[in-house]
Amino acid sequence: MDTLNRSNSALESGLGVVEQLDALCKPFLKYIGATNLIYANFNKFGEQLDVSSHEGWLKYYFENRQQLDISIVEHMWLAEEGKINYWLWPKPTGSKEDVFSALDSHNLCNGLSVFKKEKDTLSIWAFSTEQENTGIINEYINNLDLISDFTKFFSAAGKSILDGCLYTKMVSSEIKRLKELYDPSDWEIPNLSEHDFLNQ
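These lines cover the structure that appears in this document, whether it is placed above or below. The structure presented is a predicted model; accordingly, all values stated were derived computationally and were not measured. (Residues numbered from 1 in each chain as written. Predicted model: local features only at pLDDT ≥ 70, side-chain atom pairs only at ≥ 80, totals over all residues. Heavy atoms only, no water.)

Brief notes about helix H7 (residues 144-157)
In this model, H7 (14 residues) spans 20 Å end to end at C-alpha, consistent with the 20 Å of a helix rising 1.5 Å per residue. Those residues of H7 lying buried are Ile147, Ser148, Phe150, Thr151 and Phe154. Looking down the long axis of H7, one finds its buried residues gathered within 155° of arc, a one-sided arrangement. Residues Asp145, Lys152 and Ala156 are exposed on H7 and point more than 90 degrees away from its buried face. (Helix = DSSP H or I, 4+ residues; strand = E, 2+ residues; numbered from the N terminus. Expected span 1.5 Å × (residues − 1). Buried < 20%, exposed > 50% of the residue type's maximum accessible area, 1.4 Å probe, protein only. Arc of directions from axis to C-beta.)

Structural data, given as structure tokens:
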């Protein structure tokens, strides 16, 4: 499967679970005052999985992912293995390459990214809400333990949803970091498109 067809198939699979993800996440999102969740999983084989409870963002991201600057992911790969990390989103720069400006244009603002590096994967849960809801930052800070518990719940309860979603090839910036972290002979595996970490 070529890169374009693979990306289109991944988008279709992601769009197919938007409602399920929304139903799964909505009670917790409402509790902390957030409105949306974006989940991404990257693996050392050069693949990434992207889903979201926001259909419009998911479409935009897949259409523009090659141009968006998500170099922050490079730094997340360096996190301590097995540890939950929290990162408040910076203010958008207004640049068309800035992923946070793109998120802001979809009213996905005041965000918190929670990320966890495992042996061969990096998982990111990104919470966001409307632009005017700046008070959510305090809710994030006051509920870090609950947010951490939610990521565990999501990994277990959401597995059946994510099993039906497809991985795509990572964009170049993430692959660069992978090649710095892993032995290239380990990274280069056959039948890359058939690898599915979630089913191991």
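Notes on the packing of aromatic side chains
Considering all chains together, one arrives at 12 aromatic pairs under this definition. Among the aromatic side chains, those forming a connected cluster through ring pairs are Phe28, Tyr39, Trp125, Phe127, Phe150, Phe153 and Phe154. (Phe/Tyr/Trp six-rings, centres within 6.5 Å; stacked < 30°, edge-to-face > 60°.)

Concerning helix H3 (residues 55-64)
Within H3, burial applies to Trp57, Leu58, Tyr61 and Phe62. One side of H3 carries all its buried residues, which in axial view fall inside an arc of 125°.

Some words on empty space enclosed by the protein
Tallied over the full model, the rule gives one cavity of 30 Å³ or more. Ile38, Ile70, Val99, Ile124 and Ala126 are the residues nearest the centre of the largest cavity, which is lined by 21 residues in total. When contributions to the lining of the largest cavity are tallied by element, the ones reaching two or more residues are strand E1 (36-43), strand E2 (47-52), H3, helix H4 (72-76), helix H5 (99-105) and strand E5 (121-129). Of the residues forming the lining of the largest cavity, the biggest block, four residues, is contributed by E1. Residues belonging to the lining of the largest cavity are distributed by class as follows: 18 nonpolar, two polar and one charged. (1 Å grid on protein atoms, 1.4 Å probe; cavity = no way out; pocket = protein on both sides within 12 Å on 5 of 7 lines; lining within 4 Å. Points joined across faces, edges and corners; volume = space filled by probe spheres on them. Nonpolar A, V, L, I, M, F, W, Y, C, P; charged D, E, K, R; others polar.)

Digging into unusual backbone geometry
For residues that are not glycine, phi is negative in most cases, and the peptide bond is trans in most cases. At asparagine 107, a residue that is not glycine, the phi angle is positive and equals roughly 60°. Counting through the fold element by element, asparagine 107 comes out in the loop between H5 and strand E4 (109-117).

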